[in-house]
Amino acid sequence: MSTLGNSSHRGTKAVQLAAGTVALGAATLGYAVGIERRHWTLRTAELPVLAPGTRPFTILHISDLHMLPGHHSKQRWVAALDRLEPDLVVNTGDNLSHRSAVPGVVRALGPLLDRPGLFIFGSNDYYAPKPKNPARYLMPRGKKKRIHGTQLPWRDLRAAFVEHGWTDLTHVRRTVDVGGRVVFAAGVDDPHLRRDRYSDIAGPADATAVVRLGVTHSPEPRVLDTFATDGYDLVLAGHTHGGQLRIPGYGALVTNCELDRTRARGASRWGADMWLHVSAGLGTSPYAPARFACPPEATLLTLVPRGSDASQPRKPARRKAAKPVR
């Protein structure tokens, strides 16, 4: 065969390989945008944080709804979580993505608002999202210029939550009666916007409570360290979207905060005595509407007594609470 023939054959193979790569990329993007981001998923996990002999306690952790007015399937799925009958609901922020989304959030949380609930807000409760260069998420944090969209009606959302009896934990410490059991909880405003003032809630957590909860939107290590120092059992956070686009076998590429990527979603120990749970959340920015290997989720946490062999939580389980709805 001539040299020209070999070159032509190699050129054809190269074109085929390029075409295959493009097709695979298009299929992956289509799946991430069209299917997985609507694949509403319930995760369950057990965390050994209660005193020996204490009966289990359940928390439904909801985060990062990023609601738009047209997100009807998300609203129906979240409302149906009430059948889980959690002892407590904790919302870790970023509920909104549009000025007209407050009614949608209230419809989504619907019957859950009649249960004991705690909440704080995140950046996308205060400001609408804006288009951003995806490459900025790979840049060192100090190099990023903060971009704010228009202000969102977070006060209206707060009023709706409070009117239903949920507790706003923004820079306050509260003792909450949950079915006759005392829960001690404290929270900070969004560290991602540097609105946190931990000094407002500093001091030892109430040792007499059945559980001591810290709540923050962005799981910044500087905030987690202070919760741990003050004796909290568990901190709940969101913000990371679990990485949003994960590589199977590797995990999240970024967390969009100072938290290391191995903790982008799920439960992990923070120090000797505290646990951290980071929700991968239920939404995305409308300008980056894709998820891969990281379906939108809510988590039912079952808190159980500490034991000598409970150095790790039971392996989280993922359950489909509903079929994907387009």
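Every value quoted in this text rests on a predicted model; they were computed, and no experiment measured them.

Draft legend 1. Looking closely at the overall build of the protein chain. Per the secondary structure count, the protein chain includes 6 helices and 15 strands. Evaluated residue by residue, the protein chain yields a buried proportion of 51% over its 326 residues. Expressed as a percentage of contacts within the protein chain between residues at least 6 apart in sequence, the contacts between residues at least 24 apart total 77%. Roughly 15,100 Å² of accessible area belongs to the protein chain as shown, and the carbon and sulfur atoms make up 55% of that amount.

Draft legend 2. How the structure looks around the sheet that holds strand 7 (residues 181-187). With mixed pairing, the 6 strands of this open sheet are ordered in space as 6-7-8-9-13-12. For this open sheet the edge positions go to strand 6 (173-178) and strand 12 (266-270), each flanked by a neighbour on one side alone. When strand polarity is set aside, the average angle formed by the axes of neighbouring strands in this sheet is 25°.

Draft legend 3. Region of interest: the pattern of salt bridges. Under the defined criterion, the tally for this structure stands at 9 salt bridges. For the salt bridge of Glu 297 with Arg 43, the shortest nitrogen-to-oxygen distance reads 2.4 Å. Placement of Glu 297 in strand 14 (residues 297-305) and of Arg 43 in strand 1 (residues 41-50) is noted, with a sequence separation of 254 residues between them. On the accessibility criterion, Glu 297 (1% relative accessible area) is buried. Residues Asp 82 and Arg 115 are paired through a salt bridge, measuring 2.6 Å at the closest nitrogen-oxygen approach.

Draft legend 4. A look at the side chain of Glu 220. By secondary structure assignment, the location of Glu 220 is in the loop between strand 8 (211-215) and helix 6 (221-229). A distance of 3.2 Å separates a polar side-chain atom of Glu 220 from the backbone nitrogen of Glu 258.

Draft legend 5. Representation of the packing of aromatic side chains. Inspection of every chain in the model, using the stated rule, returns 10 aromatic pairs. For the ring pair Phe 227 and Tyr 232, a centre distance of 5.0 Å and an interplane angle of 85° mean the geometry is edge-to-face. Ring-pair connections join several aromatic residues into one group, and the members of that group are Phe 119, Phe 121, Tyr 126, Trp 154, Phe 161 and Trp 166. It is Arg 195 that lies over the ring of Tyr 126; its NZ or CZ is 3.8 Å from the centre. Of note, Arg 261 hangs over the ring of Tyr 250, and the distance from its end group to the ring centre comes to 3.7 Å.

Draft legend 6. Up close: the pairing of strand 7. Taking burial as the measure, the 7 residues of strand 7 include 6 buried ones, the bulk of the element. When strand 6 meets strand 7, the two strands line up antiparallel, connected through 6 bridges. Its bridge partner lying in strand 7, Thr 175 is registered against Phe 184. From the end of strand 6 to the start of strand 7, which pair antiparallel, there are 2 residues, and Gly 179 there has a positive phi angle of about 60°. Strand direction decides the pairing type here: strand 7 and strand 8, joined by 5 bridges, are parallel.

Draft legend 7. Summary view of the environment of Thr 58. Turning to its location among the elements, Thr 58 is positioned in strand 2 (residues 57-62). For the pair Thr 58 and Ala 45, spaced 13 residues apart in sequence, the C-alpha separation works out to 9.9 Å. The contact partners of Thr 58, leaving out residues within four places of it in the chain, are Glu 85, Pro 86, Asp 87, Leu 88, Leu 300, Leu 301 and Thr 302.

Draft legend 8. Spatial organisation of the nonpolar core. Ile 62, Val 78, Leu 109 and Phe 161 are the most contacted members of the largest nonpolar core, which has 31 residues in total. Where this core is concerned, the elements lending two or more residues are strand 2, helix 2 (72-80), helix 3 (102-109), helix 5 (154-163) and strand 14. The element contributing the most residues to this core is helix 3, with 4 residues. In this view, Val 78 contacts Ile 62, Leu 65, Ala 108, Leu 109, Leu 112 and Leu 282; residues no more than four positions away in its chain are not counted.

Draft legend 9. Local environment of the confidence of the model for the protein chain. Chain-level pLDDT for the protein chain is 87 on average; 79% of the residues reach the 70-or-more range. Under a pLDDT of 50 for its full length, residues 15-26 has, in the predicted model, 0 contacts with residues more than four places off or in other chains. Throughout residues 321-326 the model reports pLDDT below 50, and contacts reaching past four residues in sequence, or to other chains, amount to 14 contacts.

Draft legend 10. Fine view of the pairing of strand 8. Burial analysis of strand 8 places 5 of its 5 residues in the buried class, which makes it a mostly covered element. Covered by surrounding structure in strand 8 are Val 211, Leu 213 and Val 215 together with Arg 212 and Gly 214, the residues of both alternating faces. Examined bridge by bridge, strand 8 and strand 9 (residues 234-237) share 3 bridges and lie parallel to one another. Note on strand 9: the bridge partner recorded for Val 215 is Leu 236. Running through helix 6, the crossover from strand 8 to the neighbouring parallel element strand 9 is right-handed.

Draft legend 11. A look at helix 2. Buried residues of helix 2: Ser 73, Lys 74, Gln 75, Trp 77, Val 78 and Ala 79, and no others. Close packing links the buried residues of helix 2 with strand 1, strand 2, helix 3 and strand 14.

Conventions adopted
- Residues numbered from 1 in each chain as written.
- Predicted model: local features only at pLDDT ≥ 70, side-chain atom pairs only at ≥ 80, totals over all residues.
- Heavy atoms only, no water.
- Helix = DSSP H or I, 4+ residues; strand = E, 2+ residues; numbered from the N terminus.
- Buried < 20%, exposed > 50% of the residue type's maximum accessible area, 1.4 Å probe, protein only.
- Contact = heavy atoms within 4.5 Å.
- Areas by Shrake-Rupley, 256 points an atom, 1.4 Å probe, with all protein chains shown as cover.
- Pairing = 2+ DSSP bridges.
- Axes fitted to C-alpha atoms, helices over the stretch in contact; angles between N-to-C directions.
- Salt bridge = Lys/Arg side-chain N within 4 Å of Asp/Glu carboxyl O.
- Polar contact = N/O pair within 3.5 Å; in protein donor to acceptor, adjacent residues only side chain to side chain.
- Phe/Tyr/Trp six-rings, centres within 6.5 Å; stacked < 30°, edge-to-face > 60°.
- Lys NZ or Arg CZ within 6 Å of the ring centre and 35° of its normal.
- Core = buried A, V, L, I, M, F, W, Y, C linked by side-chain atoms within 4.5 Å.
- pLDDT = per-residue confidence, 0-100.
- Right-handed = clockwise from strand over helix to strand, strands pointing away.

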